[in-house]
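Coordinate analysis (summary)
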Amino acid sequence: MNIVVCVKQVPDTATERKLRSDDKTLDRDAADGVINELCEYAVEEALLLKEAHGGEVTVLTMGPSKATDTIRKALAMGADKAVHLVDDALHGSDALSTSYAMAQTLKTIGFDVVILGSESTDARTGLLAAMLAERLGVPQLTQANKVDIDGTAIAIQRLTDYGHDKVEASLPAVVSVVEKINEPRYPSFKGIMAAKKKPVQTLGIAEAGIDASQVGLAGAWSEVVDFAAAPPRAAGTIVTDQGDGGTGAAEFLASKKFI
Amino acid sequence: MAEILVLVEQLDGDVKKVTLELLALARSLGSPSAVWAGPGYSAEAKAKLAGHGADKIYVADAAEIADHVVAPKAELLAQLVASAAPAAVLVAATAEGKEVAGRLAVKTGSGVITDAVGLGEGFVADQSIFGGGVNVHSRVTKGTPIVAVRPNSTAPVAEAGAGAEEQVSVALSDAARAARIVERVKQDKGARPELAEAAVVVSGGRGVGSAENFALIERLADSLGGAVGASRAATDAGWYPHQFQVGQTGKTVSPQLYIAAGISGAIQHRAGMQTAKTIVAINKDPEAPIFELADYGVVGDLFKVVPQLTDEIEKRK
Ligand SMILES: Cc1cc2nc3c(=O)[nH]c(=O)nc-3n(C[C@H](O)[C@H](O)[C@H](O)COP(=O)(O)OP(=O)(O)OC[C@H]3O[C@@H](n4cnc5c(N)ncnc54)[C@H](O)[C@@H]3O)c2cc1C
């Protein structure tokens, strides 16, 4: 089975994240880049599927050259090889153009199943998996907390607001996974050493069949008009419980008409 | 006035509160048309939508719309975007709402904005990003603006619209039928409101100490008619189910009132609750970062403060 797992490098949420004042895009130099946490669950699920059904796991990343750190992490976890879509023309791409670029690349490299995390911690749009399914014309099996494959049949449990749906389809398909579908493994020392020798193919937009006018800031379908640091919340009232802390809180809630 | 499509969120025919909020928002910018997708349409549903400002109601109540994941709703909306040429399409910023928005954007060649907490003239959206640290104004520059709006971004307005019904049928493509829903498993969540929609959310964290102790949090939530949430420390420990996790990798909530008990206020937790209008924190550590956000904070033991607060609320009712 040809399993492709999409992995994104994001700024570490523990550091201060910023937008650039010049072009209003994410400042990727301001914060340390780390693998998007939900992508680790996607990599783990890809590895579990390979262990159960055989095949090969390919990591696909779109991002600047420093995203190789993130690719190595996924390779160290056990993926076999990687494709890095990297091109200055991609800078500033929004969700639509990113999904277009990724879909073109997936068509170029081929896949039986594409696995993603359900969202990234930086943009948090949660759009990519659905957009890829739409663009590739394959089943959308998203928000999965369980994935089963049997031959070309695939079934997932899709988390919903009311519980979950059981969903069935045939491969090829796009799958997105939620946190807690599995427990991502830590790369072993051996895995880290082996990752250094695994093949990483870099593709520019021309090689991936991407039309330059459809990507990057100029090709974006939406724009940031302006942005500003959120004003600090007005300092609240903090009291120390002297035996009447609950009553005092009730008083506050009543003053705000919550009771 | 410009027509604005609002995708109705409903469960078993019950219109969700977020839809009424979207209708109010659409009414402030144009003429709202509710779009009903799937079975369960009824006179009550009609009355509720029209009673909250829907001038038109497109009814596509074929069963098969609900039998497949997301794609049929996107095809329905794409058809209406082509026939009605609306000024914008609004959906709820739930996981599924955003997926519908994403597919619709691809189909119609339109830009999409997610997680708006406000929407103004020219469909310029307010967003709060990076865990609430930065406020952004953004807008769609191509096609029909598609905006996914967070629940609780505005209040529903009981103002009658014309409520003209129009039956719509969609011929679903094979691609839209590719992912079949073979079973729906509904969890009994009792009488509590849905977490993402609730006007009041009471969350417990590591300080709660055990699954049994979450009864304290539930009791406080029930006294306020609210939903229960949990920090990741609490869901990781298995004290409360994962779908109630609030934060970066859990649900994002934007309630009128958020009460955090035994939660330190890590940036990843704040990412899921920072846009709450009023925040109350109960924590025994005066240095806990959650107090930086709190409108009202009690430094104390939650096992004393929470029951006393619950009793006091019950008393005052
Ligand atoms: C990529 C990533 C994603 C994450 N996503 C999320 C997410 O979605 N949601 C989330 O919540 N976290 C998330 N986290 C985890 C987050 O960083 C914190 O670890 C977590 O929020 C801590 O939960 P907590 O506040 O309950 O526990 P702690 O940080 O341990 O805080 C417990 C608090 O309880 C107080 N306390 C203890 N006993 C009492 C008592 N008897 N009375 C009153 N107070 C008491 C303590 O003073 C302390 O402040 C994520 C982390 C990462 C790295």
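Each value, and the rule that gives it
Residues numbered from 1 in each chain as written. Chains lettered and ligands numbered in written order. Predicted model: local features only at pLDDT ≥ 70, side-chain atom pairs only at ≥ 80, totals over all residues. Heavy atoms only, no water. UniProt positions renumbered as here; feature names shortened; annotations may be inferred. Contact = heavy atoms within 4.5 Å. Buried area = accessible area lost by both parts, 1.4 Å probe. Salt bridge = Lys/Arg side-chain N within 4 Å of Asp/Glu carboxyl O. Polar contact = N/O pair within 3.5 Å; in protein donor to acceptor, adjacent residues only side chain to side chain. Helix = DSSP H or I, 4+ residues; strand = E, 2+ residues; numbered from the N terminus. Nonpolar A, V, L, I, M, F, W, Y, C, P; charged D, E, K, R; others polar. Pairing = 2+ DSSP bridges. Axes fitted to C-alpha atoms, helices over the stretch in contact; angles between N-to-C directions.

The name given to chain B in an unreviewed UniProt entry is Electron transfer flavoprotein alpha subunit, with Sinosporangium album as the source organism. In its Subunit (unreviewed entry) section, the UniProt entry covering chain B states "Heterodimer of an alpha and a beta subunit." In its Function (unreviewed entry) section, the UniProt record describing chain B reads: "The electron transfer flavoprotein serves as a specific electron acceptor for other dehydrogenases. It transfers the electrons to the main respiratory chain via ETF-ubiquinone oxidoreductase (ETF dehydrogenase)."

As annotated in an unreviewed UniProt entry, chain A is Electron transfer flavoprotein subunit beta from Sinosporangium album. Listed under Subunit (unreviewed entry) in UniProt, the entry text for chain A is "Heterodimer of an alpha and a beta subunit." Turning to chain A, the UniProt record has this under Cofactor (unreviewed entry): "FAD".

What follows is about the interface of chain B and chain A. In this assembly, 86 residues from chain B lie in contact with 73 residues from chain A. Taking both partners together, chain B and chain A bury about 7000 Å²; carbon and sulfur atoms supply 55% of that area. If you sort the residues of chain B by the area they bury against chain A, Phe130(B), Gln248(B) and Tyr296(B) come out on top, with a joint share of 11%. For the pair chain B and chain A, the interface holds 13 salt bridges. As a salt-bridge pair, Asp161(A) and Lys16(B) come within 3.8 Å of each other at their nearest N and O atoms. Counting the contacts that link chain B with chain A gives 52 residue pairs in polar contact (both at pLDDT 80 or more). Per element, the largest residue contribution to the side of chain B that touches chain A is nine residues, and it comes from helix H4 (residues 95-108) of chain B. Residues of the side of chain B that touches chain A, tallied by class, amount to 35 nonpolar, 29 polar and 22 charged. As paired elements, strand E13 (residues 237-240) of chain A and strand E18 (residues 296-299) of chain B share four bridges and run parallel to each other. Opposite Ile238(A), over in E18(B), you have Gly297(B) as the bridge partner.

With that settled, the discussion passes to the sheet that holds E18(B). With parallel pairing, six strands are arranged side by side in an open sheet as E13(A)-E18(B)-E17(B)-E16(B)-E14(B)-E15(B). Every interior strand has two partners, whereas the edge strands, E13 of chain A together with strand E15 (227-230) of chain B, have only one. Sheet twist, expressed as the average angle between the axes of neighbouring strands with direction ignored, equals 15 degrees. The strands that helix H9 (residues 302-316) of chain B touches are strand E16 (257-261), strand E17 (278-283) and E18 of chain B; relative to E17(B), the one it contacts most, it runs at about 135 degrees.

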